[in-house]
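Listed below, chain by chain, are the residues.
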Amino acid sequence: MKRLSVAILATAIGFGAAGIALGQSESEKEIERYREMINDPMANPGYLWVDKGEALWSEKRGSKAASLEVCNLGKGAGKLEGAFAEMPRYFADADRVMDLEQRLLWCMDKIQGVDTADVVKRRFGGPGVESDMQALVAFIANKSNGMSYKLPLAHAKEQEMLSVGKALFDRRAGQMDFSCATCHADEGKRIRLQGLPDFSKPGKEAKATMDSWPTYRVSQSQLRTMQHRLWDCYRQMRHPVPEYGSDGITALTSYLVKMAEGGEINVPSIKR
């Protein structure tokens, strides 16, 4: 796996160097061609996390020696197809709107009796750290491939969460006085060779971005979830680091999912 990651990264660096000599549009075409080359499931290391997540889903763990197979993700106990495409959503048993990672923590606690403090400690994988959550998200999200996001809004708390998410998207704060909108509310913005999708309105860019998370990050040799992506965005903006599984992140995710409705989910994808 490490050798594969190094080889892919070397290819990415090569395309990056080529982009200096090429015009912006040509470099974007080369980057897209590179992504198409490595997005075959047989060459995507992200599927290693899918396999691990499948095993964790059915493994009996915790003080109750139970599996997650009776966890209700919105489609009924143990039903996974299409569940990820309709989250965040309201769960009556918890009386909260939850994204997938929040809901899994709840099920681990209530159904399995798992020490969720340890799960949260290992929420993001890295050298010597394996994340159960990243694997479970990869497995469950993969079950929505070919489907489109449809944010549930029938409950008042779901509507409130969407409204809060929009406010958070526009809210400037932190040492740099940045908001999400600073980078993601106009067309054509970029950092170096990296295009910045416009999330200020529904459209192609929002769909293409949200439809490809969770993703395998070549530069990190890790499967990353949307929780990690938003945590890292806040870190880079010099905002206070949000708590894992916070309602604020769920609200912001609700807004992003709403902007991405109508695209086709295809995960895990693979990115730089």
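That block above? That's the structure.
For clarity, every value in this text was computed on a predicted model and none was experimentally measured. (Residues numbered from 1 in each chain as written. Predicted model: local features only at pLDDT ≥ 70, side-chain atom pairs only at ≥ 80, totals over all residues. Heavy atoms only, no water.)

Draft legend 1. Quick peek at the packing of aromatic side chains. One pass over the full model with this rule turns up five aromatic pairs. Ring centres 5.8 Å apart and planes at 45° place the aromatic pair Trp49 and Tyr216 in the tilted group. Linking Trp49 in helix H3 (residues 46-58) with Tyr216 in strand S5 (residues 215-217), this pair joins segments that are 167 residues apart in sequence. For Tyr216, a relative accessible area of 0% corresponds to the buried category. Between Phe124 and Tyr244, the aromatic rings sit 5.9 Å apart at their centres with planes inclined by 85°, giving edge-to-face as the arrangement. (Phe/Tyr/Trp six-rings, centres within 6.5 Å; stacked < 30°, edge-to-face > 60°. Helix = DSSP H or I, 4+ residues; strand = E, 2+ residues; numbered from the N terminus. Buried < 20%, exposed > 50% of the residue type's maximum accessible area, 1.4 Å probe, protein only.)

Draft legend 2. Layout of the environment of Arg96. With respect to the helices and strands, the residue Arg96 is situated in strand S2 (residues 96-98). Owing to a relative accessible area of 34%, Arg96 belongs among the partly exposed residues under this scheme. It is 9.1 Å that separates the C-alpha atoms of Arg96 and Asp247, two residues lying 151 residues apart in sequence. Not counting residues up to four positions away in its chain, the partners in contact with Arg96 are Arg89, Tyr90, Phe91, Gln102, Gly245 and Asp247. (Contact = heavy atoms within 4.5 Å.)

Draft legend 3. Representation of the packing of helix H4 (residues 100-112) against helix H6 (residues 132-142). Look at H4 against H6: their axes get within 11 Å of each other, and the N-to-C directions meet at 115°. If you check the angle between H4 and H6, you find them roughly perpendicular. In this structure, H4 meets H6 at a crossing whose hand is right-handed. Contacts from Leu100, Glu101, Leu104, Leu105 and Met108 in H4 reach Met133, Leu136, Val137 and Ile140 in H6. When its residues are assigned to classes, the contact of H4 with H6 shows eight nonpolar, no polar and one charged. (Axes fitted to C-alpha atoms, helices over the stretch in contact; angles between N-to-C directions. Parallel < 35°, antiparallel > 145°, perpendicular 65-115°, else oblique. Left-handed = near helix turned anticlockwise from the far one by under 90°. Nonpolar A, V, L, I, M, F, W, Y, C, P; charged D, E, K, R; others polar.)

Draft legend 4. Quick look at the pattern of salt bridges. Counted under the stated rule, the structure contains 19 salt bridges. Across the salt bridge formed by Arg61 and Asp132, the nearest N and O atoms sit 3.0 Å from each other. You can see Arg61 sitting in the loop between H3 and strand S1 (89-91) and its partner Asp132 sitting in helix H6, a full 71 residues away along the chain. Residue Asp132 is classed as buried on the basis of its relative accessible area of 7%. One continuous salt-bridge network, built from bridges that share partners, spans Lys52, Arg61, Asp118, Arg122, Glu130 and Asp132. (Salt bridge = Lys/Arg side-chain N within 4 Å of Asp/Glu carboxyl O.)

Draft legend 5. Summary view of the state of the cysteines. If you walk through the whole model with that rule in mind, you get one disulfide. Here Cys71 connects covalently by a disulfide to Cys107, the sulfurs 2.1 Å from one another. Between Cys71 and Cys107 the sulfur-sulfur dihedral comes to about 70°; the bridge is accordingly right-handed. Residue Cys71 is located in the loop between H3 and S1, and its partner Cys107 is located in helix H4; the two are separated by 36 residues in the primary sequence. (Disulfide = S-S within 2.5 Å.)

Draft legend 6. Representation of the sheet that holds strand S6 (residues 222-224) within the structure. In spatial order, the strands read S6-S5-S7; together these three strands make up an open sheet with mixed pairing. Edge strands, defined here as strands with exactly one partner in the open sheet, are S6 and strand S7 (269-271). Strand-to-strand twist across the sheet, computed as the mean angle between neighbouring axes with direction ignored, equals 35°. Across three bridges, the pairing between S5 and S7 is parallel. Among the inter-strand pairings, Thr215 is bridged to a residue of S7, identified as Ser269. (Pairing = 2+ DSSP bridges.)

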